[in-house]
Every structure is written in structure tokens, then in C-alpha cells.
Amino acid sequence: TQLLEQSPQFLSIQEGENLTVYCNSSSVFSSLQWYRQEPGEGPVLLVTVVTGGEVKKLKRLTFQFGDARKDSSLHITAAQPGDTGLYLCAGAAWSGYNKLIFGAGTRLAVHP
Amino acid sequence: EAQVTQNPRYLITVTGKKLTVTCSQNMNHEYMSWYRQDPGLGLRQIYYSMNVEVTDKGDVPEGYKVSRKEKRNFPLILESPSPNQTSLYFCASSFDGGTEAFFGQGTRLTVV
């Protein structure tokens, strides 16, 4: 069974702090997606990383795919209250068909 | 506007009373799936469909049924709901199972 472990599960920080969320697995994924989910809404895609070692930046968010394509990280610089939400990583894997394996999520609260 | 529409958003029902949650997408996606989201467990796939009349079990299919008679619609059926099916449910569609998933807004189901 392919699993994606996210850490930490919860994160409560002050505005302006930096943070990193980790997504780890023993399995290799063809790509890794990061989603953000706000209360009362479905997850929305932030970014997809495909190549081992790839780094993508989205304003203050930096996403990295591990060299072996088994892990990924999300780093937020100078967090803002608007960054509050649930962050989910999802690995694309083949098990007879293409499917996404989701991590349990990191709930981030950024306080003013 | 590209969207996945689920109905209803909230549902409270009694044990054993059959219910259907509808899902419709307007992106002409072939792949659709249903997930349930529970605290600490993340998104778990219930059923998926790769095309019209092609459906298969995901990771947690017990107690659920689906159908895919038209490309745009993928209803989730609970023939005899039980309290352990109390959860937040999401429908999603994508180009294929491993690409960006577009989620509905969710259906919060409570079975008493």
C-alpha cells in the first residue's frame, strides 16, 4: 500500500514567520501535487512538480520534489493570515490505473 | 467556468434510509472519483470511473455504490447508510487519475 506521510499535522504560527511542511513516502511517484483547502471548500491545486529535484516558486511559497521522487516539501516565507488553511500533498501513482494518493494534510493557522 | 457541482452541501439522515449525492462536471473529463475526508485520515478514494459505464472500487468502497451513465454525472449512492459513514464527501474530476483533480465543494453527511 502506497502511503504519503505529512508533517507536521498542525502548525500555529505568527504572521511573518517561516515554515516548512513535509510530505514523505517510501514509494516513487510520477508527480507530486500540492493542494490548499479552505473551510467549506474543496481542495484547489497550488502546484505540480514532476522532475526529481525540481523547485517551483509561487510568490512566497516554494515547492521542492525530492531527487528520488519519494518526498516533497512546501516552504512558506513570511506567512500571512491569508495562508491559513489545510495543505494536502498528493502523489500520482500507477496501480493498474493512474491515481492520486493523498497525505492526511497539514492544518496551518497564521495569527496576526 | 470550469466546475464540479455537488448536491446537497449538507445532509442529515437516519440509519438505513437510502440517499444519493449528485455530482456533475462541465470540463468533459473522462475520470471522476469520490472521496471521503475524515480528521487525521486525509482523502480516501471510495470509487472512481475512467469513462461512461466504467467504474471500479477505490480504497474504501464498502457501503457505497456509484453509476456513470453520462460523462458529466457521477452520483454516489448509499443504499443503507450507517453512522460510520458520517463524513465529508468530495467528488472530483480530472483528465486522468493522476493529473490535476478539480473538486466539488463537498457534502457534509451526518447519519444518526
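Presented here is an overview of the structure given in this document. None of the values given here were measured: they were computed from a predicted structure.

**What to know about the state of the cysteines**
At step 1: Scanning the model with the defined rule gives two disulfides over all chains in all.
At step 2: For Cys-23 of chain A, the disulfide goes to Cys-89 of chain A, at an S-S distance of 2.0 Å. Disulfide Cys-23 of chain A-Cys-89 of chain A: the torsion about the S-S bond is 80 degrees, which places it as right-handed. A residue pair is termed long-range when its members are at least 10 positions apart, and Cys-23 of chain A in strand E3 (residues 19-24) and Cys-89 of chain A in strand E9 (residues 85-94) qualify at 66 residues. Residue Cys-23 of chain A shares its accessibility class with Cys-89 of chain A, and that shared class is buried.
At step 3: What pairs with Cys-23 of chain B in a disulfide is Cys-91 of chain B, and their sulfur atoms sit 1.8 Å apart. Across the disulfide from Cys-23 of chain B to Cys-91 of chain B, rotation about the S-S bond amounts to roughly -70 degrees, and the bridge is consequently left-handed. Of this pair, Cys-23 of chain B sits in strand E3 (residues 19-25) while Cys-91 of chain B sits in strand E9 (residues 87-94); the two residues are 68 residues apart in sequence, bridging distant segments of the chain. Note on accessibility: Cys-23 of chain B and Cys-91 of chain B belong to one class, buried.

**Some words on the environment of Lys-70 of chain A**
All names here are of chain A.
At step 1: Take Lys-70: it is sitting in the loop between strand E7 (61-65) and strand E8 (71-76).
At step 2: Relative accessible area serves as the criterion here: at 32%, Lys-70 is assigned to the partly exposed category.
At step 3: Residues Lys-70 and Asn-24, 46 residues apart in the sequence, show an inter-C-alpha distance of 6.4 Å.
At step 4: The contact partners of Lys-70, leaving out residues within four places of it in the chain, are Cys-23, Asn-24, Ser-25, Ser-26, Ser-27, Val-28 and Phe-65.

What counts and what doesn't
- Residues numbered from 1 in each chain as written.
- Chains lettered and ligands numbered in written order.
- Predicted model: local features only at pLDDT ≥ 70, side-chain atom pairs only at ≥ 80, totals over all residues.
- Heavy atoms only, no water.
- Disulfide = S-S within 2.5 Å.
- Helix = DSSP H or I, 4+ residues; strand = E, 2+ residues; numbered from the N terminus.
- Buried < 20%, exposed > 50% of the residue type's maximum accessible area, 1.4 Å probe, protein only.
- Contact = heavy atoms within 4.5 Å.

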